Number of protein chains: 2
Amino acid sequence: MQQYKKVEQTDIQFLKSVFDERHVFVGDEIHEDYFHDEMPEYGSFKPEVLVKATSASQIQQLMKYATQHKIPVTPRGAGTGLCGGCVATIGGILLSVEKLNKIIEIDSATMTAVIEPGVYLMDLIDEVAKEGFLYAPDPGEKSATVGGNVMTNAGGMRAVKYGVTRDYVKGIEMVLPTGELECFGGKIAKNSSGYSLKDLMIGSEGTLGICTKLYLKLLPLPKKMTSLLIPFNSISDCLNCVPIIMNRPYIPITCEFMEKEVILDAQEYLGKSFPDQKSAAYLLVSYGAESKSILEEIIDEIASLVLEHKALDVFISDTDDRQESIWTARGAFLEAIKSSTSTMDECDVVLPLDKMESFLEYVKELQDEYLVRIRSFGHAGDGNIHVYVCKDDMEDARWQEVVKETMSKMYEYAQKCQGQVSGEHGIGHAKTDFLKESLGESQIAIMKGIKNIFDPSMICNPQKVLK
Amino acid sequence: MQQYKKVEQTDIQFLKSVFDERHVFVGDEIHEDYFHDEMPEYGSFKPEVLVKATSASQIQQLMKYATQHKIPVTPRGAGTGLCGGCVATIGGILLSVEKLNKIIEIDSATMTAVIEPGVYLMDLIDEVAKEGFLYAPDPGEKSATVGGNVMTNAGGMRAVKYGVTRDYVKGIEMVLPTGELECFGGKIAKNSSGYSLKDLMIGSEGTLGICTKLYLKLLPLPKKMTSLLIPFNSISDCLNCVPIIMNRPYIPITCEFMEKEVILDAQEYLGKSFPDQKSAAYLLVSYGAESKSILEEIIDEIASLVLEHKALDVFISDTDDRQESIWTARGAFLEAIKSSTSTMDECDVVLPLDKMESFLEYVKELQDEYLVRIRSFGHAGDGNIHVYVCKDDMEDARWQEVVKETMSKMYEYAQKCQGQVSGEHGIGHAKTDFLKESLGESQIAIMKGIKNIFDPSMICNPQKVLK
């Protein structure tokens, strides 16, 4: 176990000399929202001091000081993570980048957005759309910061066609734990110049340095989009249809699976009815195209195709209203499940596409074996499943056992299927043991070696990813 | 400078006990093709021994032994690189993976090809096409091995729409210098489980370990493709049209620029005439679509658009013959320039799109200043320019000066434009000084730290990427 220095009055004085005094919060001045992320289930941790940065230069001074004095620094965006990646598990300084929220440039010549890390995803999407561009990554939580997205390599529903956040980061400026400011990549579109330190930073969850600027790839905005809601008699029929759809030359933008139970939860939560709820399982598939005629051609072919492969019907949502009602429901799944139970735990495995069915069957077996309610939904097009084990009115002691065993068994099963611990939410502090189990000693040792190069004092988001 | 052990008789005996005796070559048994890659200009280096592996297990035994005895190991695919990445600059063992050339599986359910690293790019493209799939990366040299493509993160002409090799590597199995076999990623489509060691391996040019298996992402095969050859009065008009094209919702598959001089070189080299040669500069833009009607809609719009932006004409190549004649010429540019001169040097810079014009102007200034013939062509859609400084009949001593100064100046200018040393060819041993200059001490030190984690004995492709 590392030894860290506690924050003392002289440290506070230093921080107040670097940051605007109004942006330094000590003790009870710190709002308890900063003690956890969107999974308070993983614990509540009070930082010794909270600072809100407004420039990279402040962060440089902070990191240099924190390394010299061995004070932990935990970077934080909007706090919408699901693995406790941005909470100060061992106290120290919580560094919020929420005020580093400028869109610096939308450069149409190089199709690059240059932004600070604290920009909300929804703001970035809106602002680039005004200039005719698409920022393609589409993590569900639109009030997340883009910096947080990059640091967890967040995915989202459009990953099927467009890929994940990593695929849209052209460059990343970081303050290293030494205080040095380095830029990896930039406005360039490709790069074969040495080891890809940029890719090492993406998904490193703030453990190798603090992101201060991002160069993001933009696409032209597709003109038209249509969604198909496709009901099936069983989750098995539903998932068997996925490769049929994916092998066609038209790559869907999204391809989500949903089961009846989760749809009913969402209806109840939203107080709005879903267009159809008679069937056991659904695929929600959407296509984008550059013109109405192109889109119609795609939709016609896919509709006939799925009807030949056990689809019960095809609901085409080509009006804004209808699309809205379906996507609002899909967007509310996580909140709906959360609000349906006293507490819960989550697993975000990613599997080879052809292993999803067997994984979901296994989850149902666990549900029966442990007499616990388990809900799942996810990205059928890329094998990423979100599973929620719900406590409901289970007794505390029993719940602790159940959650521990079901989670371990699910990760174990995912590993057997050659899956990985996290498809898009990251590791944070909540999943470090599962990561270790999944990757094995050798890969963990390599990662620790890398951590040590950047952060030998172990002050940069300690206890996250690697413990 | 590291101290290495020379290969002795006992080492040869060991190698013959691990590899098939017919696959171990010593001294004069080694064909001189193995002394260099496609740029013999960067020197001829004779390995002490050449072995051809037929299994990962042989490579594991080799690496463990080489680490123990401190003997350099240089991995090599087809030897088609352009920076000397696969040559044994300090002797030792040259490890060819040319016989590790099996396509293990084409898995349509997960849309993954699983292959050994020695598979030729052209074979992979053909075999997956038979199953209705596209392997999207498109480096010019089709007789390169895919392992070599991955290790240099090779790009190619289709990168504009589809991205580079990195974007199609889902997983990579490596033998580490210790002899351990590790798999980073796999058939999964996305991943947020710790640092992306997979991305660290891609583009590492065999300096961190030896690739033994690849999991590659496949796309559905697009049905129709058409190319547009668009003439302009100047390279400036030509490059100014690129953002106009790129900002449209139809993303082109390729977007190449070519100047008259290079086209004439290619005509002469091939003995075939190019469809048009009256203009100073051309864009070669191609589009793919899922049906003929969709493609026609795209072509009509783009043709009118470029004619409004200084294009002199638009030649639509919708017949196989016409496409063939244009693409054969484009594919022959490198060979044509090579055959037009006694020797040459190459630079593969990548720039922000809006800096290409000014870079090319600068290259023309250098040409005039140094009275040396310089040819260039490249990927207008992603800012990657290939520049060739040609010796022709220049005196040797003068040539040494000219090549040194023009190369340094080009890299320096690229850096000013926030470009990088290599867009797709890599660093090898020929570009290490330029990489150091471009990235600066801090990033080089980080890379050296990473190298040291994997390969503290420095036996794995020494002197490449980092010197």
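Just so it is clear, the model here is predicted, and its values are computed rather than measured.

Asker: Quick question: what am I supposed to make of the confidence of the model for chain A here?
Answerer: Where the model shows low pLDDT, its predicted coordinates should not be examined in detail. Averaged over every residue, the pLDDT of chain A is 95; the share at 70 or more is 100%. Interface confidence for the predicted complex, expressed as ipTM, amounts to 0.93; the pTM equals 0.94.

Asker: For this particular structure, what's the right way to read the interface of chain A and chain B?
Answerer: One widely used convention gives an interface's size as the accessible area the parts lose upon coming together. On the chain B side, the residues contacting the 85 residues of chain A number 85 residues. Buried area between chain A and chain B, summed over both chains or domains, comes out near 6,500 Å², and the portion from carbon and sulfur atoms is 61%. The largest contributions to the chain A side of the interface with chain B come from Lys190(A), Ser192(A) and Tyr195(A), which together make up 15% of the buried area. Across the contact surface, chain A and chain B share six salt bridges. Notably, a salt bridge pairs Glu424(B) with Lys190(A), separated by 2.9 Å at the nearest N-O pair. Taken together, the links from chain A to chain B amount to 28 residue pairs in polar contact (both at pLDDT 80 or more). Among the secondary structure elements, those contributing two or more residues to the side of chain A that touches chain B are β9 (181-185), α6 (197-201), β11 (219-220), α7 (235-246), α9 (292-307), α14 (432-439) and α15 (441-454) of chain A. It is α15(A) that provides the largest number of residues to the side of chain A that touches chain B, a total of nine residues.

Asker: Would you explain the pattern of salt bridges in this entry?
Answerer: For side chains bearing opposite charge, pairing can occur when the charged atoms are close. Under the criterion given, the structure shown has 64 salt bridges over all chains. Its salt-bridge partner being Asp382(A), residue Lys190(B) comes within 3.3 Å of it at the nearest N-O pair. With Lys190(B) in the loop between β9 (181-185) and α6 (197-201) and Asp382(A) in the loop between β17 (373-379) and β18 (384-390), this pair bridges two chains. Here Lys190(B) falls in the buried class, since its relative accessible area comes to 5%. Three or more residues joined by partner-sharing salt bridges are found here, namely Arg166(A), Asp199(A), Arg166(B) and Asp199(B).

Asker: Explanation requested: the nonpolar core in the structure shown.
Answerer: One recurring pattern in soluble globular proteins is that nonpolar side chains are buried together. Among the nonpolar cores identified, the biggest contains 201 residues, and Leu283(A) and Leu283(B) are the most heavily contacted of them. If near-sequence neighbours (up to four positions away) are discounted, Leu283(A) is found in contact with Leu228(A), Leu229(A), Ile230(A), Phe232(A), Cys238(A), Cys241(A), Val242(A), Ile245(A), Cys255(A), Glu256(A), Phe257(A) and Ala380(A).

Asker: Even after reading the chapter, I still don't get the relation of the copies chain A and chain B, so can you show me in this structure?
Answerer: Between the two copies of the chain lies a rotation about an axis combined with a shift along it. For the pair chain A and chain B, the superposition axis carries a translation of 0.0 Å, the fit reaches an RMSD of 0.0 Å, and the rotation angle comes to 180°. Viewed as a symmetry operation, the transformation between the two copies matches a two-fold axis. Mapped onto chain B, 100% of the interface residues of chain A again fall at the interface, so both copies present the same surface.

Asker: Help me understand the pairing of strand β18 (residues 384-390) of chain B, please; the structure alone is not making it clear to me.
Answerer: Sheet faces and side chains relate simply in a regular strand, where the side chains alternate between the two faces. Residues and elements named next belong to chain B. The element β18 is extensively covered by neighbouring structure, given that seven of its seven residues are classed as buried. On β18, burial covers both faces: Asn-384, His-386, Tyr-388 and Cys-390 on one face and Ile-385, Val-387 and Val-389 on the other are all buried. In the sheet, strand β16 (residues 344-347) pairs with β18 via four bridges, with the strands oriented antiparallel. Residue pairing in the sheet places Asp-345 in a bridge with Val-389 of β18. Strand direction decides the pairing type here: strand β17 (residues 373-379) and β18, joined by seven bridges, are antiparallel. Across the sheet, residue Arg-373 finds its bridge partner in β18, namely Cys-390. Counting the residues that bridge the hairpin from β17 to β18 gives four residues, and of these Gly-383 lies at a positive phi of roughly 75°.

Asker: Would you take a moment to explain the state of the cysteines for this structure?
Answerer: By definition, a disulfide links two cysteine residues through a covalent bond between their sulfur atoms. Taken as a whole and assessed by the stated rule, the structure comprises zero disulfides over all chains. The closest cysteine sulfur to the non-disulfide-bonded Cys417(A) is located on Cys347(A), 11 Å from its own sulfur. Here Cys460(B) stays unpaired: no disulfide links it, and the sulfur of Cys211(B), its closest cysteine neighbor, is 12 Å away. For Cys460(B), a relative accessible area of 0% translates into the label buried.

Asker: Sorry, what's going on with helix α13 (residues 396-416) of chain B here?
Answerer: Given 3.6 residues per helical turn, the α-helix brings residues three or four places apart onto the same face. Residues and elements named next belong to chain B. For α13, built from 21 residues, the straight-helix expectation of 30 Å at 1.5 Å per residue is met to within 8% by its first-to-last C-alpha distance of 30 Å. Taken as a whole, α13 has its buried residues at Trp-399, Val-402, Val-403, Thr-406, Met-407, Met-410, Tyr-411 and Ala-414. For α13, the buried positions fall inside an angular range of 145° around the axis, keeping them on one side. For α13, the exposed residues lying more than 90 degrees away from the buried face are Ala-397, Gln-400, Lys-404 and Lys-416. The secondary structure elements touched by the buried residues of α13 are β16, α12 (356-370), β18 and α14 (432-439). Gln-418, located one to two residues past α13, shows a positive phi value of around 60°.

Asker: Would you mind showing me how to read the sheet that holds strand β4 (residues 93-96) of chain B here?
Answerer: Picture the strands of a sheet paired through backbone hydrogen bonds; they go either parallel or antiparallel. Residue and element names in this part refer to chain B. Spatially, four strands are ordered β1-β2-β4-β3 in an open sheet, and the strand pairing comes out mixed. Pairing within the sheet leaves two strands with one partner each, and these edge strands are β1 (24-26) and β3 (73-76). Neighbour-to-neighbour, the strand axes of the sheet open up by a mean angle of 20°, direction not taken into account. Taken together, the four bridges between β3 and β4 define a ladder with parallel strand orientation. Each residue of the ladder has a partner; that of Arg-76, found in β4, is Ser-96.

Asker: So what exactly am I meant to see when it comes to α14(A) here?
Answerer: Residues and elements named next belong to chain A. Among the residues of α14, Thr-432, Phe-434, Leu-435, Ser-438 and Leu-439 are the ones counted as buried. Along α14, the residues classed as buried sweep out an arc of 160° about the axis, all on the same side. Residues of α14 that are exposed and point more than 90 degrees away from the buried face comprise Asp-433 and Glu-437. One or two steps after α14, the chain reaches Gly-440, where phi turns positive at roughly 90°.

Asker: Can you help me understand the sheet that holds strand β1 (residues 24-26) of chain A in this one?
Answerer: Residues and elements named next belong to chain A. Spatially, four strands are ordered β1-β2-β4-β3 in an open sheet, and the strand pairing comes out mixed. Either end of the sheet is taken by a strand with one partner, and the two such strands are β1 and β3 (73-76). Taken over all neighbouring pairs, the strand axes of this sheet differ in orientation by 20° on average, direction set aside. Pairing between strand β2 (residues 49-52) and strand β4 (residues 93-96): four bridges, direction parallel. Note that in β4 the partner of Leu-50 across the bridge is Leu-94.

Asker: Is there a simple way to think about the environment of Phe333(B) in this case?
Answerer: All names here are of chain B. Along the chain, Phe-333 falls in helix α11 (residues 333-339). In the structure, Phe-333 is positioned 66 residues away from Gln-267 in sequence and 9.4 Å away in space, judged by C-alpha atoms. When near neighbours in sequence (up to four residues on either side) are disregarded, Phe-333 contacts Met-258, Val-262, Ile-263, Ala-266 and Phe-377.

Asker: Explain the pairing of strand β5 (residues 103-107) of chain B here, please?
Answerer: Residue and element names in this part refer to chain B. Bridge count between β5 and strand β6 (residues 112-115): four bridges; the pairing is antiparallel. Bridge assignment links Ile-103 to a residue of β6, and that residue is Ile-115. Linkage of β5 to β6, two consecutive antiparallel strands, is achieved through a turn of four residues, within which Met-111 is found at a positive phi near 50°.

Asker: Could you clarify how one ought to interpret the packing of helix α1 (residues 9-18) of chain B against helix α2 (residues 56-69) of chain B in this entry?
Answerer: When two helices pack together, you describe them by how their axes are tilted relative to each other and by the distance separating the axes. All names here are of chain B. Axis separation between α1 and α2 bottoms out at 10 Å; the angle between their running directions is 160°. Between α1 and α2, the angle is such that the two are roughly antiparallel. Taken as a pair, α1 and α2 cross one another with a handedness that is right-handed. On α2, the residues touching Thr-10, Asp-11, Phe-14, Leu-15 and Val-18 of α1 are Gln-58, Gln-61, Leu-62 and Tyr-65. In terms of residue class, the contact of α1 with α2 is made up of five nonpolar, three polar and one charged.

Asker: How do you make sense of the packing of aromatic side chains when you look at a structure like this?
Answerer: The relation between two aromatic rings is expressed through the spacing of the ring centres and the mutual angle of the planes. Residues and elements named next belong to chain A. Across all of its chains, the model carries 14 aromatic pairs over all chains by this definition. Ring centres 5.2 Å apart and planes at 65° place the aromatic pair Phe-333 and Phe-377 in the edge-to-face group. In this pair, Phe-333 is assigned in helix α11 (residues 333-339) and Phe-377 in strand β17, connecting sequence segments 44 residues apart. In this pair, the class of Phe-333 matches that of Phe-377, namely buried. Every member of this aromatic cluster is reached through a ring pair, and the members are Phe-333, Phe-377 and Tyr-388.

Parameters at a glance
- Residues numbered from 1 in each chain as written.
- Chains lettered and ligands numbered in written order.
- Predicted model: local features only at pLDDT ≥ 70, side-chain atom pairs only at ≥ 80, totals over all residues.
- Heavy atoms only, no water.
- pLDDT = per-residue confidence, 0-100.
- Contact = heavy atoms within 4.5 Å.
- Buried area = accessible area lost by both parts, 1.4 Å probe.
- Salt bridge = Lys/Arg side-chain N within 4 Å of Asp/Glu carboxyl O.
- Polar contact = N/O pair within 3.5 Å; in protein donor to acceptor, adjacent residues only side chain to side chain.
- Helix = DSSP H or I, 4+ residues; strand = E, 2+ residues; numbered from the N terminus.
- Buried < 20%, exposed > 50% of the residue type's maximum accessible area, 1.4 Å probe, protein only.
- Core = buried A, V, L, I, M, F, W, Y, C linked by side-chain atoms within 4.5 Å.
- Least-squares fit on C-alpha atoms with pLDDT ≥ 70 in both.
- Pairing = 2+ DSSP bridges.
- Disulfide = S-S within 2.5 Å.
- Expected span 1.5 Å × (residues − 1).
- Arc of directions from axis to C-beta.
- Axes fitted to C-alpha atoms, helices over the stretch in contact; angles between N-to-C directions.
- Parallel < 35°, antiparallel > 145°, perpendicular 65-115°, else oblique.
- Left-handed = near helix turned anticlockwise from the far one by under 90°.
- Nonpolar A, V, L, I, M, F, W, Y, C, P; charged D, E, K, R; others polar.
- Phe/Tyr/Trp six-rings, centres within 6.5 Å; stacked < 30°, edge-to-face > 60°.

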